[in-house]
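# Observations on chain architecture
Each chain, written out:
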Amino acid sequence: MKNSLSLEDIYNLAYNTLTKGGSCSEQAEAVAQTILSAEQDGSVSHGLFRLPGYFNSLKSGKVNLNPNPSLHKVTKAVLKCDGDRSFAPLIHKLYLNELIKSTKEIGIGVLSIQRVAHFASLWPETETLADNGLIGIACTSYLPVVSPFGASEKLFGTNPISFAWPRKNDHPVVFDMATSSLALGDVQIAARDGHELPVGTGIDANGNATTDPNQVLKGMLLPFGGYKGSHLSMMIELLAGPLVGETTSDITEENNIDDGGPPLGGQFILAMSPEIISGLDDWDKNAEPFINKLSNLKGVRMPGKRRHINRTSLENIEVNSDLLNKIYSL
Ligand code: NDP
(Lines give C-alpha, C1' and ligand atoms only; values in the text may rest on other atoms or scores of the structure.)
Protein backbone atom coordinates (compact mmCIF):
# COMPACT_ATOMS: atom_id res chain seq x y z
CA MET A 1 0.00 0.00 0.00
CA LYS A 2 1.20 3.48 -0.85
CA ASN A 3 0.19 7.02 0.13
CA SER A 4 0.59 10.05 -2.08
CA LEU A 5 2.54 12.98 -0.58
CA SER A 6 3.34 16.39 -2.07
CA LEU A 7 6.94 17.66 -1.99
CA GLU A 8 5.91 20.14 0.70
CA ASP A 9 4.34 17.34 2.79
CA ILE A 10 7.58 15.34 2.56
CA TYR A 11 9.74 18.26 3.64
CA ASN A 12 7.41 19.15 6.52
CA LEU A 13 7.12 15.53 7.67
CA ALA A 14 10.91 15.19 7.73
CA TYR A 15 11.49 18.58 9.39
CA ASN A 16 8.80 18.07 12.05
CA THR A 17 9.97 14.53 12.87
CA LEU A 18 13.55 15.69 13.30
CA THR A 19 12.62 18.64 15.49
CA LYS A 20 10.34 16.31 17.52
CA GLY A 21 13.45 14.18 17.97
CA GLY A 22 15.04 17.28 19.52
CA SER A 23 17.15 18.56 16.62
CA CYS A 24 17.78 22.29 16.31
CA SER A 25 16.06 23.76 13.32
CA GLU A 26 19.21 24.44 11.23
CA GLN A 27 20.21 20.77 11.33
CA ALA A 28 16.60 19.63 10.76
CA GLU A 29 16.32 21.93 7.72
CA ALA A 30 19.51 20.53 6.17
CA VAL A 31 18.47 16.89 6.68
CA ALA A 32 14.86 17.50 5.58
CA GLN A 33 16.13 19.10 2.36
CA THR A 34 18.37 16.06 1.72
CA ILE A 35 15.45 13.69 2.32
CA LEU A 36 13.22 15.75 0.02
CA SER A 37 15.87 15.78 -2.73
CA ALA A 38 16.24 11.98 -2.51
CA GLU A 39 12.47 11.46 -2.76
CA GLN A 40 12.19 13.94 -5.61
CA ASP A 41 15.02 12.20 -7.50
CA GLY A 42 13.43 8.78 -6.92
CA SER A 43 16.27 7.57 -4.66
CA VAL A 44 13.87 5.75 -2.35
CA SER A 45 16.47 4.07 -0.12
CA HIS A 46 17.87 7.43 1.03
CA GLY A 47 14.72 9.49 1.46
CA LEU A 48 11.97 9.08 4.07
CA PHE A 49 13.10 5.48 4.50
CA ARG A 50 16.04 6.84 6.52
CA LEU A 51 13.96 9.15 8.73
CA PRO A 52 13.36 6.66 11.61
CA GLY A 53 17.14 6.06 11.73
CA TYR A 54 17.86 9.80 11.88
CA PHE A 55 15.24 10.14 14.64
CA ASN A 56 16.70 7.23 16.65
CA SER A 57 20.19 8.71 16.53
CA LEU A 58 18.89 11.99 17.94
CA LYS A 59 17.02 10.16 20.69
CA SER A 60 19.94 7.90 21.65
CA GLY A 61 22.20 10.94 22.06
CA LYS A 62 24.64 9.71 19.42
CA VAL A 63 23.93 12.73 17.25
CA ASN A 64 24.08 16.16 18.80
CA LEU A 65 20.71 17.93 18.99
CA ASN A 66 22.38 21.30 18.72
CA PRO A 67 25.82 20.71 17.22
CA ASN A 68 28.54 23.31 17.07
CA PRO A 69 30.74 22.19 14.16
CA SER A 70 33.92 24.03 13.27
CA LEU A 71 36.18 24.52 10.25
CA HIS A 72 39.94 24.84 10.43
CA LYS A 73 41.78 26.03 7.30
CA VAL A 74 44.97 23.97 7.68
CA THR A 75 46.30 25.26 4.34
CA LYS A 76 44.51 26.92 1.43
CA ALA A 77 43.87 23.43 0.02
CA VAL A 78 42.98 21.53 3.17
CA LEU A 79 39.85 22.45 5.09
CA LYS A 80 39.41 20.34 8.18
CA CYS A 81 36.01 20.10 9.79
CA ASP A 82 35.00 18.74 13.16
CA GLY A 83 31.34 17.81 12.76
CA ASP A 84 30.70 17.78 16.53
CA ARG A 85 28.45 14.68 16.12
CA SER A 86 26.13 16.30 13.58
CA PHE A 87 24.31 14.90 10.56
CA ALA A 88 26.43 15.34 7.41
CA PRO A 89 23.96 17.55 5.46
CA LEU A 90 24.45 20.31 8.06
CA ILE A 91 28.20 20.27 7.40
CA HIS A 92 27.65 20.45 3.64
CA LYS A 93 25.26 23.35 4.08
CA LEU A 94 27.75 25.22 6.27
CA TYR A 95 31.08 24.48 4.58
CA LEU A 96 30.81 23.41 0.93
CA ASN A 97 30.86 27.08 -0.02
CA GLU A 98 34.23 27.47 1.70
CA LEU A 99 35.58 24.51 -0.31
CA ILE A 100 34.22 26.03 -3.53
CA LYS A 101 35.79 29.41 -2.74
CA SER A 102 39.28 28.06 -2.01
CA THR A 103 39.24 25.57 -4.93
CA LYS A 104 38.34 28.34 -7.37
CA GLU A 105 41.30 30.28 -6.07
CA ILE A 106 44.02 27.60 -6.03
CA GLY A 107 42.69 24.78 -8.22
CA ILE A 108 42.29 21.96 -5.72
CA GLY A 109 40.78 21.52 -2.29
CA VAL A 110 39.88 18.87 0.23
CA LEU A 111 37.13 19.03 2.82
CA SER A 112 38.21 16.54 5.46
CA ILE A 113 35.31 15.80 7.82
CA GLN A 114 35.38 14.05 11.20
CA ARG A 115 32.68 13.11 13.72
CA VAL A 116 29.75 13.21 11.36
CA ALA A 117 26.80 10.85 10.78
CA HIS A 118 26.28 10.23 7.05
CA PHE A 119 23.02 8.45 6.20
CA ALA A 120 22.34 9.90 2.75
CA SER A 121 23.34 9.78 -0.89
CA LEU A 122 26.56 11.55 -1.85
CA TRP A 123 25.40 13.25 -5.04
CA PRO A 124 24.08 16.33 -3.17
CA GLU A 125 27.65 17.25 -2.27
CA THR A 126 29.38 16.36 -5.58
CA GLU A 127 26.58 17.90 -7.64
CA THR A 128 26.83 21.14 -5.65
CA LEU A 129 30.52 21.31 -6.54
CA ALA A 130 29.79 20.61 -10.23
CA ASP A 131 26.97 23.18 -10.27
CA ASN A 132 29.69 25.63 -9.26
CA GLY A 133 31.96 24.60 -12.15
CA LEU A 134 34.15 22.19 -10.16
CA ILE A 135 34.84 18.47 -10.39
CA GLY A 136 33.79 16.68 -7.21
CA ILE A 137 34.67 13.34 -5.69
CA ALA A 138 33.23 12.28 -2.33
CA CYS A 139 33.28 9.11 -0.32
CA THR A 140 32.35 7.87 3.13
CA SER A 141 32.61 4.58 4.97
CA TYR A 142 29.95 2.93 7.11
CA LEU A 143 29.66 -0.12 9.37
CA PRO A 144 31.16 -3.49 8.39
CA VAL A 145 28.45 -5.25 6.38
CA VAL A 146 30.50 -6.28 3.33
CA SER A 147 32.90 -9.17 3.01
CA PRO A 148 36.14 -8.34 1.14
CA PHE A 149 36.58 -10.43 -2.02
CA GLY A 150 37.72 -13.95 -1.13
CA ALA A 151 36.72 -13.70 2.57
CA SER A 152 33.48 -14.66 4.29
CA GLU A 153 33.80 -12.18 7.09
CA LYS A 154 32.49 -8.61 7.26
CA LEU A 155 35.09 -5.84 7.19
CA PHE A 156 34.07 -3.13 4.71
CA GLY A 157 31.15 -0.75 4.84
CA THR A 158 28.89 -0.32 1.82
CA ASN A 159 31.30 2.56 1.16
CA PRO A 160 29.73 4.81 -1.49
CA ILE A 161 31.65 7.04 -3.87
CA SER A 162 30.32 9.83 -6.03
CA PHE A 163 31.93 11.70 -8.92
CA ALA A 164 30.56 14.79 -10.65
CA TRP A 165 31.83 16.47 -13.82
CA PRO A 166 30.57 20.00 -14.54
CA ARG A 167 29.10 21.02 -17.90
CA LYS A 168 28.65 24.61 -19.00
CA ASN A 169 25.28 24.12 -20.71
CA ASP A 170 23.84 20.99 -19.19
CA HIS A 171 23.40 19.07 -15.95
CA PRO A 172 26.68 17.72 -14.62
CA VAL A 173 27.53 14.08 -15.24
CA VAL A 174 27.20 12.45 -11.83
CA PHE A 175 27.53 8.93 -10.61
CA ASP A 176 26.94 7.91 -7.04
CA MET A 177 27.18 4.30 -6.00
CA ALA A 178 27.80 1.95 -3.14
CA THR A 179 30.84 -0.27 -3.68
CA SER A 180 28.79 -3.18 -2.34
CA SER A 181 26.74 -5.13 -4.88
CA LEU A 182 23.66 -3.32 -3.53
CA ALA A 183 23.16 -0.49 -1.04
CA LEU A 184 22.10 -1.82 2.39
CA GLY A 185 18.91 0.25 2.23
CA ASP A 186 17.89 -1.63 -0.92
CA VAL A 187 18.43 -4.97 0.82
CA GLN A 188 16.30 -3.76 3.74
CA ILE A 189 13.58 -2.60 1.33
CA ALA A 190 13.69 -5.98 -0.50
CA ALA A 191 13.29 -7.75 2.88
CA ARG A 192 10.36 -5.47 3.78
CA ASP A 193 8.65 -5.94 0.41
CA GLY A 194 9.37 -9.69 0.13
CA HIS A 195 11.57 -9.48 -2.99
CA GLU A 196 14.47 -11.77 -3.86
CA LEU A 197 17.90 -10.22 -4.43
CA PRO A 198 19.89 -10.63 -7.65
CA VAL A 199 22.34 -13.56 -7.62
CA GLY A 200 25.74 -12.47 -6.29
CA THR A 201 24.42 -9.77 -3.95
CA GLY A 202 25.44 -11.44 -0.73
CA ILE A 203 26.10 -14.53 1.36
CA ASP A 204 24.51 -15.90 4.53
CA ALA A 205 26.21 -16.04 7.93
CA ASN A 206 27.86 -19.36 6.96
CA GLY A 207 29.30 -17.93 3.75
CA ASN A 208 26.80 -19.61 1.40
CA ALA A 209 25.42 -17.72 -1.60
CA THR A 210 21.79 -16.63 -1.12
CA THR A 211 19.22 -14.39 -2.80
CA ASP A 212 17.12 -14.11 0.40
CA PRO A 213 17.48 -10.50 1.72
CA ASN A 214 16.84 -11.65 5.32
CA GLN A 215 19.72 -14.13 5.11
CA VAL A 216 21.99 -11.45 3.60
CA LEU A 217 21.06 -9.08 6.45
CA LYS A 218 22.10 -11.80 8.93
CA GLY A 219 25.15 -12.60 6.81
CA MET A 220 26.92 -10.09 4.58
CA LEU A 221 26.92 -8.26 1.27
CA LEU A 222 29.58 -8.79 -1.38
CA PRO A 223 31.54 -6.01 -3.12
CA PHE A 224 30.40 -5.19 -6.67
CA GLY A 225 32.61 -6.48 -9.46
CA GLY A 226 34.60 -9.06 -7.48
CA TYR A 227 38.13 -8.13 -6.42
CA LYS A 228 38.06 -4.82 -8.31
CA GLY A 229 35.10 -3.48 -6.30
CA SER A 230 36.76 -4.89 -3.19
CA HIS A 231 39.87 -2.78 -3.83
CA LEU A 232 37.79 0.36 -4.40
CA SER A 233 36.02 -0.28 -1.11
CA MET A 234 39.39 -0.66 0.62
CA MET A 235 40.47 2.69 -0.85
CA ILE A 236 37.33 4.37 0.53
CA GLU A 237 37.96 2.88 4.00
CA LEU A 238 41.38 4.57 3.94
CA LEU A 239 40.31 7.92 2.42
CA ALA A 240 37.17 8.45 4.52
CA GLY A 241 38.78 6.97 7.66
CA PRO A 242 42.51 7.36 8.45
CA LEU A 243 43.13 10.16 5.90
CA VAL A 244 40.55 12.43 7.55
CA GLY A 245 41.64 11.34 11.05
CA GLU A 246 38.76 8.91 11.51
CA THR A 247 38.26 5.18 12.03
CA THR A 248 37.74 2.41 9.48
CA SER A 249 34.31 0.69 9.49
CA ASP A 250 35.37 -2.18 11.80
CA ILE A 251 36.51 0.22 14.53
CA THR A 252 33.57 2.55 13.86
CA GLU A 253 31.34 -0.39 14.80
CA GLU A 254 33.15 -0.94 18.11
CA ASN A 255 32.43 2.69 19.07
CA ASN A 256 28.90 2.78 17.64
CA ILE A 257 25.66 3.00 19.60
CA ASP A 258 23.44 0.51 17.77
CA ASP A 259 20.30 2.65 17.53
CA GLY A 260 19.42 1.84 13.90
CA GLY A 261 20.83 5.16 12.71
CA PRO A 262 24.10 6.06 11.01
CA PRO A 263 27.43 5.63 12.83
CA LEU A 264 29.72 8.57 13.53
CA GLY A 265 32.66 8.62 11.16
CA GLY A 266 34.41 10.58 8.45
CA GLN A 267 33.88 11.89 4.96
CA PHE A 268 36.41 12.82 2.30
CA ILE A 269 35.46 15.43 -0.32
CA LEU A 270 37.83 16.46 -3.10
CA ALA A 271 37.18 19.43 -5.38
CA MET A 272 39.15 20.35 -8.52
CA SER A 273 38.94 23.33 -10.83
CA PRO A 274 39.01 22.23 -14.50
CA GLU A 275 40.02 25.72 -15.65
CA ILE A 276 43.03 25.94 -13.34
CA ILE A 277 44.17 22.31 -13.70
CA SER A 278 43.86 22.19 -17.51
CA GLY A 279 45.07 25.76 -17.89
CA LEU A 280 42.30 26.36 -20.44
CA ASP A 281 39.22 28.58 -20.46
CA ASP A 282 37.63 26.08 -22.84
CA TRP A 283 38.57 23.11 -20.63
CA ASP A 284 35.45 21.31 -21.82
CA LYS A 285 36.35 21.30 -25.53
CA ASN A 286 37.53 17.67 -25.43
CA ALA A 287 35.09 16.55 -22.74
CA GLU A 288 31.84 17.61 -24.42
CA PRO A 289 32.30 15.60 -27.65
CA PHE A 290 33.20 12.56 -25.56
CA ILE A 291 30.20 12.91 -23.23
CA ASN A 292 27.87 13.44 -26.20
CA LYS A 293 29.30 10.42 -28.03
CA LEU A 294 28.94 8.27 -24.91
CA SER A 295 25.36 9.39 -24.22
CA ASN A 296 24.36 8.74 -27.83
CA LEU A 297 25.70 5.19 -27.94
CA LYS A 298 22.84 2.75 -28.30
CA GLY A 299 22.14 1.07 -24.94
CA VAL A 300 23.99 3.63 -22.80
CA ARG A 301 22.16 5.43 -20.02
CA MET A 302 24.14 8.25 -18.45
CA PRO A 303 24.34 8.18 -14.64
CA GLY A 304 22.41 10.99 -13.00
CA LYS A 305 20.03 11.37 -15.95
CA ARG A 306 17.23 9.37 -14.31
CA ARG A 307 17.39 11.64 -11.28
CA HIS A 308 17.53 14.85 -13.31
CA ILE A 309 14.41 13.81 -15.24
CA ASN A 310 12.57 12.82 -12.03
CA ARG A 311 13.49 16.16 -10.50
CA THR A 312 11.49 18.13 -13.05
CA SER A 313 8.25 16.50 -11.91
CA LEU A 314 6.09 18.42 -9.46
CA GLU A 315 3.74 15.48 -9.01
CA ASN A 316 3.06 13.85 -5.67
CA ILE A 317 5.38 11.06 -4.54
CA GLU A 318 4.08 7.60 -3.64
CA VAL A 319 5.39 6.55 -0.22
CA ASN A 320 5.10 3.12 1.40
CA SER A 321 2.20 3.24 3.94
CA ASP A 322 3.94 1.06 6.57
CA LEU A 323 6.88 3.45 6.48
CA LEU A 324 4.57 6.44 6.89
CA ASN A 325 2.80 4.82 9.85
CA LYS A 326 6.17 4.11 11.42
CA ILE A 327 7.16 7.76 10.98
CA TYR A 328 3.81 9.05 12.33
CA SER A 329 4.26 6.79 15.39
CA LEU A 330 7.52 8.61 16.20
P1 NDP B 1 22.65 2.38 -8.04
O2 NDP B 1 23.25 1.04 -8.29
O3 NDP B 1 21.20 2.51 -8.12
O4 NDP B 1 23.27 3.43 -9.05
C5 NDP B 1 24.66 3.66 -9.10
C6 NDP B 1 24.98 4.67 -10.18
O7 NDP B 1 24.79 4.07 -11.45
C8 NDP B 1 24.08 5.89 -10.13
O9 NDP B 1 24.83 7.01 -10.45
C10 NDP B 1 23.01 5.57 -11.18
O11 NDP B 1 22.53 6.76 -11.82
C12 NDP B 1 23.77 4.73 -12.18
N13 NDP B 1 22.93 3.71 -12.79
C14 NDP B 1 21.96 2.97 -12.20
N15 NDP B 1 21.42 2.11 -13.09
C16 NDP B 1 22.09 2.31 -14.26
C17 NDP B 1 22.00 1.73 -15.55
N18 NDP B 1 21.13 0.77 -15.84
N19 NDP B 1 22.84 2.19 -16.52
C20 NDP B 1 23.72 3.16 -16.24
N21 NDP B 1 23.86 3.75 -15.04
C22 NDP B 1 23.04 3.32 -14.06
O23 NDP B 1 23.17 2.98 -6.63
P24 NDP B 1 23.56 2.19 -5.30
O25 NDP B 1 22.44 1.28 -4.98
O26 NDP B 1 24.92 1.62 -5.43
O27 NDP B 1 23.59 3.38 -4.24
C28 NDP B 1 22.41 4.07 -3.93
C29 NDP B 1 22.69 5.25 -3.05
O30 NDP B 1 23.05 4.82 -1.76
C31 NDP B 1 23.82 6.16 -3.49
O32 NDP B 1 23.27 7.45 -3.60
C33 NDP B 1 24.84 6.10 -2.37
O34 NDP B 1 25.52 7.29 -2.12
C35 NDP B 1 23.98 5.72 -1.20
N36 NDP B 1 24.73 5.08 -0.13
C37 NDP B 1 25.02 5.80 1.00
C38 NDP B 1 25.71 5.22 2.04
C39 NDP B 1 26.08 6.00 3.24
O40 NDP B 1 26.70 5.46 4.14
N41 NDP B 1 25.74 7.26 3.34
C42 NDP B 1 26.15 3.83 1.98
C43 NDP B 1 25.84 3.19 0.73
C44 NDP B 1 25.14 3.79 -0.27
P45 NDP B 1 21.10 7.41 -11.40
O46 NDP B 1 21.36 8.11 -10.11
O47 NDP B 1 20.77 8.30 -12.52
O48 NDP B 1 20.14 6.26 -11.26
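One can find the structure itself at the top, above this paragraph.
Let us look at the structure shown here. (Residues numbered from 1 in each chain as written. Predicted model: local features only at pLDDT ≥ 70, side-chain atom pairs only at ≥ 80, totals over all residues. Heavy atoms only, no water.)

## A closer look at the overall build of the protein chain
The criterion, for reference: The secondary structure listing takes helices from DSSP runs of H or I that are at least 4 residues long and strands from runs of E that are at least 2 residues long, numbered from the N terminus. C-alpha atoms define the radius of gyration in this analysis, and the globule rule sets the expected value at 2.2 Å times the number of residues to the power 0.38. Relative accessibility under 20% of the residue-type maximum defines a buried residue, over 50% an exposed one, and the middle range a partly exposed one, all with a 1.4 Å probe and only protein chains included.
Scanning the protein chain from terminus to terminus reveals 13 helices and twelve strands. Its C-alpha atoms give the protein chain a radius of gyration of 20 Å, near enough to 20 Å, the size a compact globule of 330 residues would have. For the protein chain, the spread of C-alpha atoms along the three principal axes comes to 50 × 45 × 45 Å. For the protein chain, with 330 residues in total, the buried portion stands at 52%.

## A few points about helix α11 (residues 287-296)
As a reminder, the rule being used: Each C-beta atom gives one direction from the helix axis, and the arc is the one those directions make.
For α11, the full list of buried residues reads A287, E288 and I291. Down the axis of α11, the buried side of the element spans an arc of 95°, and every buried residue falls inside it. Looking at α11, the residues exposed on the side facing more than 90 degrees away from the buried face are F290, K293 and N296.

## Regarding the packing of aromatic side chains
Selection criterion: Pairing of aromatic rings covers Phe, Tyr and the six-membered ring of Trp, with a centre-to-centre limit of 6.5 Å; geometry is then stacked below 30 degrees between planes, edge-to-face above 60, and tilted otherwise. In this analysis the charged atom, NZ for Lys or CZ for Arg, is taken to sit over a ring once it is within 6 Å of the ring centre and within 35 degrees of the ring normal.
Under the counting rule described, the total for this entry stands at six aromatic pairs. Considering the side-chain rings of F149 and Y227, the 5.8 Å spacing of their centres and the 65° angle between planes classify their relative orientation as edge-to-face. Within this pair, whereas F149 is found in the loop between β5 (135-140) and β6 (161-165), its partner Y227 is found in helix α8 (residues 226-240), the two being separated by 78 residues in sequence. Taken together, the ring pairs connect Y54, F87 and F119 into an aromatic cluster. Against the face of F119 rests R50, its NZ or CZ located 4.3 Å from the ring centre. One Lys or Arg, R307, reaches over the ring of W123 and ends 4.2 Å from the middle of that ring.

## Some thoughts on the side chain of T140
Where we set the bar: We define a polar contact as two N or O atoms separated by no more than 3.5 Å, with the added condition that, inside protein, one atom must be a possible hydrogen donor and the other a possible acceptor, whereas residues neighbouring each other in sequence contribute only through side-chain atom pairs. It only takes one pair of heavy atoms within 4.5 Å for two residues to be counted as in contact.
With respect to the helices, strands and loops of the structure, T140 is situated in strand β5. Polar contacts involving the side chain of T140 include one to the main-chain carbonyl oxygen of G266, which spans 2.9 Å. In contact with T140, not counting residues within four places along its chain, are H118, L122, N159, P160, I236, A240, G266 and Q267.

Limitation: the analysis is restricted to geometry and does not speak to function.
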